[in-house]
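# Structure assessment
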Amino acid sequence: MTGDYKAGKIESMDESSLIQTAQNGDLDSFNTLILHYQDAVFHTALRILSDEDSAEDAAQEAFISAFRSISSFRGGSFKAWLMRTVTNACYDELRRQKRRPTTPLEPETSDGEEMDSPKWLADPNMTPAEKSEADELEHAIQHCLNALPTDFRTVVVMADIQGMDYSEVAVAVHVPLGTIKSRLARARLRLRECLRSFEELLPSSFRLEGESNP
Amino acid sequence: MKNFKDIEQLSAYLDGQLNLSDSARLESRISSDPELASNLNDIRAARGILRKLPARKAPRNFTLTRKMVGLRPPVPQSYSFFRFSSAFATILLVFTFAANSLAPRLSSPAPGFAIGMGGGGAPEATEAPAATEAAAEMLPAAPSLEMPLAATEPPAANADLFATEAPLAPESTMLKEAETESALQDQARVKQEPFVPVTWQLSLLVIILISALIAFIINQNAKKKWS
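The structure contained in this document is the topic of the report that follows. Since the model is a prediction, treat every value here as computed from it, not as a measurement.

## A look at the overall build of chain A
Across its full length, chain A carries 8 helices and 0 strands. Out of the 214 residues belonging to chain A, those deemed buried represent 35%. Sequence-distant contacts, at least 24 apart, represent 61% of the contacts inside chain A between residues at least 6 apart.

Below is the structure:
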């Protein structure tokens, strides 16, 4: 059944009609929606939780929960609604981790040392230099994201990494627009301070020199 | 570092979230305030780095199966009918067993009551065997009470009295024996005939089995069609 779906199919179909049929209990329509949003959902969960396995679990939980409660979707941005479910799943996972802290199993090199840049993070099309650059950047950013309070992290992941607008983020995290503005500004400031300490590690193309246009 | 209100304005300005007049006011301040301009660059840089973060693809498909979401196959209305009839017949069957075991006890009077009524105990006993048995059991414990059924064996102390009434004794004893026999026969008949006949119970059992079987087949067919 799973193999019948093709990513990108949604582009040629009307999202609202898929949502409507999914609301009538049609699982196939909902699976088409999943294929369209699963990368964004997984990436968001990964940035919030900072762990691939937990992010997978949270994403799966989020989709199950979303299907069960899709009748409560009353229009607007489906992505924002879905992100809200993911955020809740991530918060549940973080609470679970707090209750039962575990030691993460990092992959090891042949010498038995933990790998700083796990191979699974790498894009196979990159050159070794690019891989190393990207890994360092990713680690630095994730480290700084982890240092943020969860609420700030969630907002900055949705706005700056997922590119959602303020109103979508407000729907996703269920707080007023003003709070989103405030959290985002604080999160960016803290990230800027944190990334300063990694400046010499970052490749030249990622130095904190700013963008040319707002 | 500027106050937080300014930082918030700069962040919103970068995202195009300020209205035109606020944007124009902020732009004029930025052009005249190097510190504000530096803060804007800092925030912009932080945002730029986050935006350059490579997007990670899902390691697998998260599509759902019906089992994962607990969906059940759509079954025809007849499924509900057969399921209900099976359940209803089961309840009825349980009731029939309960009725058969409780009915004889409920229809008989209490043992103490039968003894207290004295001579009236025997006629009632023919209608209610359980009471007769109980009364018979109580007799040795209460010898002062009238004992119509136990009179067939008079005590040895009254042997003379019975000897003087000898001509009457055989007839009366035979009559009483006949009555007792008849009462016992009635009792046995009542015992053999349950409150709810066995045929009814068997019918209910057949209904249960057939209904359950049909419901099961309908459900299996629906599952097959669904998958």
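## Looking at helix α1 (residues 4-14) of chain B
One full turn of an α-helix is made of 3.6 residues, so residues set three or four places apart face in the same direction. Taken together, the buried positions of α1 of chain B are Ile7, Gln9, Leu10, Ser11, Ala12 and Leu14 of chain B. Buried residues along α1 of chain B sit in contact with α8 (177-196) of chain A together with α2 (20-32) and α3 (34-52) of chain B. Phi turns positive, to about 70°, at Gly16 of chain B, one or two residues after α1 of chain B.

## Some words on helix α6 (residues 150-161) of chain A
Residue and element names in this part refer to chain A. Summarising burial for α6: 10 of the 12 residues are buried, a large majority. Where α6 is concerned, the buried positions are Phe152, Arg153, Thr154, Val155, Val156, Val157, Met158, Ala159, Asp160 and Ile161. Just downstream of α6, Gly163 is the residue with a positive phi angle, here 70°.

## Brief notes about the environment of His36 of chain A
By secondary structure assignment, the location of His36 of chain A is in helix α2 (residues 27-49). Sequence separation between His36 of chain A and Glu15 of chain A is 21 residues; the distance between their C-alpha atoms is 10.0 Å.

## Observations concerning the environment of Asn88 of chain A
Counting through the fold element by element, Asn88 of chain A comes out in helix α4 (residues 78-99). Taking the C-alpha atoms as reference points, Asn88 of chain A and Ala62 of chain A, separated by 26 residues in sequence, lie 7.8 Å from one another.

## With respect to the interface of chain B and chain A
Across the contact, 36 residues belong to chain B and 43 residues belong to chain A. Here the element with the most residues in the side of chain B that touches chain A is α3 of chain B; it accounts for 12 residues. Residues belonging to the side of chain B that touches chain A are distributed by class as follows: 19 nonpolar, 7 polar and 10 charged.

About the cut-offs
- Residues numbered from 1 in each chain as written.
- Chains lettered and ligands numbered in written order.
- Predicted model: local features only at pLDDT ≥ 70, side-chain atom pairs only at ≥ 80, totals over all residues.
- Helix = DSSP H or I, 4+ residues; strand = E, 2+ residues; numbered from the N terminus.
- Buried ≥ 20, exposed ≤ 12 C-beta atoms within 10 Å, placed from the backbone.
- Contact = placed C-beta atoms within 7 Å.
- Nonpolar A, V, L, I, M, F, W, Y, C, P; charged D, E, K, R; others polar.

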